[in-house]
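Summary of the model geometry
Residues per chain, in single letters:
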Amino acid sequence: MFRITAIPLAALFLSACATVPAQTGPSAFSGAVSAADPRAQAAGEEILTKGGSATDAAIAVMLALNVVEPQSSGIGGGGFLVRGEADGDVTTYDGRETAPAGATPDWFLDEEGGVPPFMVSALSGLSVGVPGNIALAAKAHDAHGKLAWPELFAPAIRLAREGFLINPRLNNSLSSAKNRAAFGETGRALFFDASGEPLSVGTRVRNEELARTLERIANEGPESFYSGKLAQELAATVAAATPRPGAMTRGDISAYKAKQRDAVCTPYREYRICSMGPPTSGGVAVQQILGQLERFDLAALGADNPVTWHLFLESQRLAYADRELYLADSDFVQVPVEGLIAEDYLAQRSMLMSKDRSMATAEAGQPRGASMTLADGDEPEEKGTSHLAVVDRDGTMVSYTSTIEGAFGSGLMVGGFYLNNELTDFSRSPEVGGKPVANRVEGGKRPRSSMSPTVVYDPQGDPFMVVGAAGGSTIPVQTARSIIAAIDFGLDAEASLGLPFTMAFGDQILLEEGTWLEEAAEAFRSLGHAELLVRPAPVKGGALLYRQGQWQSARDPRLASQLEMP
Ligand code: GLU
């Protein structure tokens, strides 16, 4: 049974940071929201107060994020939504972008058959997949919406029309992108001044074109995104920037379908973890990382112990080796999901881990159902994306990660929003050593993701946590770390997200700069981790967590200074 808790929404609006204040009476509970930007979070809270469902609120947050965090996500991109009801019923929605029908495995190769520099691919029409977020929203709303479709758009339209203030985060993103030749002219007119400098922190931006686009989709319905004027503009913009035949057509756009898929669920210490399956690798990776750690008593080892994080790194190595080999769009290649998360398989993989010594490199395993004819893919680094989490008055949890892939996606803009560069999440090399890569480009296929929107049920089967992250390939590691923090160390939502971050990248490990991990470098070295990178962590998680009779809402504390206004 879901436990009724009460969080006065007025208090949520007032709370600048993260954690949700104390409860009043049960009747006051409307739900809780976590989003990377407080203005988008307020959009979700507004929808919940109007009686909207968690799905309604999540859609409103996704749309508002498009306005205030244009560099990260929006209707020009895609996402994954995991919905878990209070009684434990979980379903997932796949709104991942698709490659145009004309795309082929050599899509990203240059004339000599080589793989060009990453940004050459990213800032081209070749990288744009047919956007999936509006189709995902429509499918989820048809099944679980309580408010009318146009109502979900109202907060985002208001933000776009009345304007929003540039925060330090957007200003930084604009500064990093300002010299990109391919950065769209419309974007320049919107976000830069006459001398080509990014608008300063605190400047109000009104995006009237986006307001009109959102109004059209609100009033004419989701089909208006996939046909008519908008689709025509989208196809024309992408084709003009695509230097080879096979560019996105209006037919590709009108053929797009969001998909409902089965959730991928596994136990972890009596809790039930449910996440997203292929085409994302995120859910499987989170569950492998956790499952392989289960035989270790992390609570006894403690959160301040290098051995805990050494084991965490080892578990990542095993999970990422499998991810590279097996994970891709399961509608195109056979992905042995069940074998990869089977208890006996994870127990056997776990035996490769030792408390005393790093394995340094990991090979993929042989789960049941695996085809061994594949080769490892290449892995570009990404940034962008936003994770959002909602729980409503019925205790339904929605975990939604939305992305346009890199900062400002492809840099191409239509209707006031950026078009994704998601197709760079494919392996740009179609084969390695004569073997095909599972995640190679194919017409109509969805590129492998790392996104891992997740919901967690406690040992009694009640809703416990709604969690996920942004940050490219770091996403499953962030999600697994937050779950361990909440379950093994009993931390609150914000502390779970704020734990120092460490990740294995091949033979190297990243230790988050400025945290105790940096001081513990010698301990990691003596455990056999030879190459240490001390760097800021490119992480951005979000979570809702049920503790002591109330839902706590948190966003990554690393974001705090980037959201402050002067
Ligand atoms: N495109 C990435 C993915 O789907 C996410 C990018 C990011 O978070 O920076 O996994």
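Residues numbered from 1 in each chain as written. Predicted model: local features only at pLDDT ≥ 70, side-chain atom pairs only at ≥ 80, totals over all residues. Heavy atoms only, no water.

Some points on the sheet that holds strand β20 (residues 540–547)
Read from one edge of the open sheet, six strands run β7-β8-β15-β16-β20-β21, paired in antiparallel fashion. The sheet terminates laterally at β7 (264–268) and β21 (550–555), the two strands that pair on one side only. This sheet shows a mean twist of 15° between the axes of neighbouring strands, independent of strand direction. Sheet analysis places β7 next to strand β8 (residues 271–275), joined by five bridges and oriented antiparallel. (Pairing = 2+ DSSP bridges. Helix = DSSP H or I, 4+ residues; strand = E, 2+ residues; numbered from the N terminus. Axes fitted to C-alpha atoms, helices over the stretch in contact; angles between N-to-C directions.)

Some points on the pattern of salt bridges
For the coordinates displayed, the defined rule picks out 30 salt bridges. Linking R448 and E324 is a salt bridge whose minimum nitrogen-to-oxygen distance equals 3.3 Å. You can see R448 sitting in the loop between β14 (435–436) and β15 (454–457) and its partner E324 sitting in helix α15 (residues 306–326), a full 124 residues away along the chain. Here the two residues R448 and E324 agree in accessibility, since each one is buried. Taken together, the shared-partner salt bridges connect D94, K259, R261, D331 and R446 into one network. (Salt bridge = Lys/Arg side-chain N within 4 Å of Asp/Glu carboxyl O. Buried < 20%, exposed > 50% of the residue type's maximum accessible area, 1.4 Å probe, protein only.)

Considerations on α15
Along its 21 residues, α15 runs 30 Å from first to last C-alpha, staying within 8% of the 30 Å computed at 1.5 Å per residue. Of all 21 residues in α15, 20 are buried; the element is thus mostly enclosed. Put simply, N305 is the residue that caps the front of α15, since its side-chain oxygen is 2.9 Å from the backbone nitrogen of V307. (Expected span 1.5 Å × (residues − 1). Polar contact = N/O pair within 3.5 Å; in protein donor to acceptor, adjacent residues only side chain to side chain.)

Some details on the environment of S73
Position of S73 among the secondary structure elements: in the loop between α3 (54–68) and β2 (78–84). Residue S73 is classed as buried on the basis of its relative accessible area of 2%. Separated by 238 residues in sequence, S73 and L311 place their C-alpha atoms 33 Å apart. When sequence neighbours within four positions are dropped, the list of residues in contact with S73 reads L65, N66, S386, S402, T403 and I404. (Contact = heavy atoms within 4.5 Å.)

A look at the pairing of strand β10 (residues 397–403)
Extensive coverage of β10 is indicated by the burial of seven of its seven residues. Here β10 shows a buried face lined by M397, S399, T401 and T403 and a second buried face lined by V398, Y400 and S402. As defined by bridge partners, β2 adjoins β10 across seven bridges and the pair is classed as antiparallel. Across the sheet, the residue bridging to R83 is V398, located in β10.

Concerning the site of the ligand
In the region of the ligand, 15 residues are neighbours, and T385, E422, D425, S450 and G472 sit closest. One of the side-chain nitrogen or oxygen atoms of T385 is found 2.7 Å away from an oxygen atom of the ligand. Against a free-state accessible area of 300 Å², the protein chains account for coverage of 100% of the ligand. Residue composition of the shell around the ligand, by class: three nonpolar, six polar and six charged. (Near = heavy atom within 4 Å. Areas by Shrake-Rupley, 256 points an atom, 1.4 Å probe, with all protein chains shown as cover. Nonpolar A, V, L, I, M, F, W, Y, C, P; charged D, E, K, R; others polar.)

Section: the nonpolar core
Within the largest apolar cluster, 77 residues are counted, with the highest numbers of intra-cluster contacts made by L63, V67, I75, F153, F191, L214 and F225. Of all the elements, α3 adds the most residues to this core, at 12 residues. Residue contacts for F153: discarding those within four places in its chain leaves L63, I134, L214, I217 and A218. Judged by nonpolar contacts, the second largest core, of 50 residues, contains W309, V456, A480 and A504. (Core = buried A, V, L, I, M, F, W, Y, C linked by side-chain atoms within 4.5 Å.)

Topic: the sheet that holds strand β17 (residues 502–505)
Overall, mixed pairing links the three strands, which are arranged β17-β18-β19 in an open sheet. Whereas interior strands pair on both sides, the edge strands pair on one side only; in this sheet they are β17 and β19 (531–535). Taken pair by pair, the neighbouring strands of this sheet meet at an average axis angle of 25°, ignoring direction. Where α15 meets the sheet, its contacts fall on β17 and β18 (508–512), and the angle it forms with β17 comes to roughly 40°.

Observations concerning the packing of aromatic side chains
Per the counting criterion, the structure on display carries nine aromatic pairs. Between W309 and F312, the ring centres sit 5.3 Å apart and the planes meet at 85°, which makes this aromatic pair edge-to-face. Highlighted residues: W309 and F312, both in helix α15, separated by three residues, approximately one helical turn. By the burial criterion, W309 is buried, and F312 matches it. One aromatic cluster in this structure is built from F225, Y226, Y256 and F417. (Phe/Tyr/Trp six-rings, centres within 6.5 Å; stacked < 30°, edge-to-face > 60°.)

As for the pairing of β17
Note on strand geometry: in a regular strand, side chains alternate between the two faces of the sheet. Sheet topology places β17 next to β18; four bridges connect them, and they run antiparallel. Within the sheet, the bridge partner assigned to M503 lies in β18 and is L510.

Some remarks on the UniProt feature "active site" (unreviewed entry) in the protein chain
Residues given the UniProt feature "active site" (unreviewed entry) here are T385. For T385, the position within the fold is in the loop between α17 (343–350) and β9 (386–392). Under the relative-accessibility criterion, T385 is labelled buried at 5%. Non-local contacts of T385, meaning those with residues more than four positions away in its chain, are made with S72, T401, S402, T403, E405, M451, A470 and K540. One polar contact links T385 to T403, side chain to side chain, over a distance of 2.7 Å. (UniProt positions renumbered as here; feature names shortened; annotations may be inferred.)

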